[in-house]
Amino acid sequence: MTKRIPPTIFIASLNVIVFAVINGFQLITQIPIHYVNKWIMPGVDYQDFYQASLQTLSGRSPYLVERFVTPPLFALANIPLALFSFEVARALFMFLIPCMVLFSYLLIARGLKASALEENDWLVLGGILVILFSYPFYFLFERGNIDGVVLLLMCLGLCSMPKRPWLGGLLLAAAIHFKLYPILFVIPLLLARRWKPLFWTCAWVLIFALVTAPYWDDFAILLSRRSNSFQLFENGSLVNTSLFLGRLVGSFFGKNELFWTYAPLYSATLYALFLGILMLTDYKLSHALTPGQHIANALLYVPFMVALPKSVYHYEFVVLIVLLPVLDYLWSGTVLPSERFALGMITVGVALSQWQAVALYTLTENTLAYYIPGLGLLLVMAGISAYKFMQLRQNTQKW
């Protein structure tokens, strides 16, 4: 990357080239390929949300639906669609998925337009290309899960907070109650001393918890039962990536049973280290930021939301798409080579996280393909902590 090639253009170009290479090899080898692992039917995950809403309408627990594994609020929010037949509701929801992902990206791109890059229109086009060629986006669309809804609520919440903290807090609290991982946004709000948005977020979280109180016992039982669920494929968690790296090292130096046994502990330690550097820097430096800088700072926590627990489906990596305008924003204001190197790490990591892993696997039959998105996430987290550490060191030297 150079000043004339911002991160979004680099990621879009790289991923389009990879897509073209995959299709070129398919034409040469005539090996049938597919871009997602099809399972039962399109929108199979949405079927569980739909059935959970029907159970709620009937006055029963949504957790009678075995595969409904999120907090209870979405079962209530989805009731308007549950009034239609499943086929109609599924079609409407799947139509909304690309709209929500695209709007989330455009919303952040507009919110960070203060970077005043002349190539802003090209950056938007580049971001759209990344979405169109994104494996996590294909996966999310095929399964019909709600991460697109959560992404949109997160972006709307962050952009609403400067002028309407009550609304931003409501949207962010809804995202937290749809899937738990957006709760990490509480950290940058607290560290930046943004008391009004923090108050409203916590207040709405409490209100939604009271509204759905009858179902939380069932959710807690389900959560404890599923906390140890684990799979190797389609899993981009930090634990799974650590296990892969352990196997890779073991192939050269011999099998190490201790690494296998304590991989979750190693992963948690690495996670805590990366997140700790991010939090320490924000605590020291985020007391006087512009609204755009607050948005960019908060979105750097997004990769940490989808690194845990043990199983994280690759479709959840669609949330990393909103890092594209953040990277462009930071790149335009960075001159130090060390900080640019760190931003380059994040850029490459985001690119890898969106690669067509399933298509690569069906073409090569090499299981490495399934670990590329997880390796990308690890690189993103390492790059963010490196960038923040350099910021902290730079400001410490000034003092």
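Use the structure listed above.
Residues numbered from 1 in each chain as written. Predicted model: local features only at pLDDT ≥ 70, side-chain atom pairs only at ≥ 80, totals over all residues. Heavy atoms only, no water.

*Asks:* Could you give me a rundown of the overall build of the chain, with the residues and numbers involved?
*Replies:* The secondary structure content of the chain amounts to 20 helices and 0 strands. Scaling as 2.2 N^0.38, a compact globule of 399 residues should have a C-alpha radius of gyration of about 21 Å, and the chain matches this with 21 Å. Each principal axis of the C-alpha atoms in the chain carries an extent, and together these give about 60 × 60 × 50 Å. Per-residue burial over the chain gives 54% buried out of 399 residues. Taking the intrachain contacts of the chain between residues at least 6 apart in sequence as the baseline, contacts between residues at least 24 apart amount to 78%. Carbon and sulfur atoms provide 68% of the accessible area of the chain, an area that totals close to 18100 Å². Taking the 25 positively charged and 18 negatively charged side chains of the chain as two groups, their mean positions are separated by 9 Å. (Helix = DSSP H or I, 4+ residues; strand = E, 2+ residues; numbered from the N terminus. Rg over C-alpha atoms; globule rule 2.2 N^0.38 Å. Buried < 20%, exposed > 50% of the residue type's maximum accessible area, 1.4 Å probe, protein only. Contact = heavy atoms within 4.5 Å. Areas by Shrake-Rupley, 256 points an atom, 1.4 Å probe, with all protein chains shown as cover. Lys, Arg positive; Asp, Glu negative; His and termini not counted. Charge placed at Lys NZ, Arg CZ, Asp CG, Glu CD.)

*Asks:* Tell me about the packing of aromatic side chains, residues and numbers included.
*Replies:* Following the criterion strictly, the structure yields 25 aromatic pairs and no others. With centroids separated by 4.6 Å and ring planes inclined at 15°, the aromatic side chains of Tyr 46 and Phe 93 adopt a geometry described as stacked. Of this pair, Tyr 46 sits in helix 2 (residues 44-57) while Phe 93 sits in helix 5 (residues 86-111), placing them 47 residues apart in sequence. The residues Tyr 46 and Phe 93 share a single accessibility class, namely buried. Summarising the aromatic geometry, the rings of Phe 199 and Trp 200 are spaced 5.5 Å apart at their centres and angled 70° between planes, so their arrangement reads as edge-to-face. What makes Phe 199 exposed here is its relative accessible area of 53%. On the accessibility criterion, Trp 200 (31% relative accessible area) is partly exposed. Site record: aromatic cluster; members linked through ring pairs are Tyr 46, Phe 49, Tyr 50, Tyr 63, Phe 68, Phe 74, Phe 86, Phe 93, Phe 178, Trp 216 and Phe 219. In this structure, Arg 340 packs its charged tip against the face of Trp 331, placed 4.2 Å from the ring centre. (Phe/Tyr/Trp six-rings, centres within 6.5 Å; stacked < 30°, edge-to-face > 60°. Lys NZ or Arg CZ within 6 Å of the ring centre and 35° of its normal.)

*Asks:* Summarise the packing of helix 5 against helix 8 (residues 147-160); cite the residues concerned and give the values.
*Replies:* Contact geometry of helix 5 with helix 8 gives a least axis separation of 8 Å together with a crossing angle of 30°. Here helix 8 runs roughly parallel to helix 5, going by the angle between their axes. The chirality of how helix 5 crosses helix 8 is left-handed. Where helix 5 approaches helix 8, its residues Phe 93, Met 100, Val 101, Phe 103, Ser 104, Leu 107 and Ile 108 are matched on the opposing element by Gly 148, Val 149, Leu 151, Leu 152, Cys 155, Leu 156 and Cys 159. Tallied by class, residues from the contact of helix 5 with helix 8 come to 12 nonpolar, 2 polar and no charged. (Axes fitted to C-alpha atoms, helices over the stretch in contact; angles between N-to-C directions. Parallel < 35°, antiparallel > 145°, perpendicular 65-115°, else oblique. Left-handed = near helix turned anticlockwise from the far one by under 90°. Nonpolar A, V, L, I, M, F, W, Y, C, P; charged D, E, K, R; others polar.)

*Asks:* Go over unusual backbone geometry with me, naming the residues and quoting the values.
*Replies:* For the bond from Leu 308 to Pro 309, the omega torsion is 5°, close enough to zero to count as cis. Take Pro 309: it is sitting in the loop between helix 16 (302-305) and helix 17 (323-332). Of note in the backbone geometry, Arg 193 takes a positive phi value of approximately 55° without being a glycine. Among the secondary structure elements, Arg 193 is positioned in the loop between helix 10 (186-191) and helix 11 (195-211).

Without other data, these values stay purely geometric and don't point to any function.
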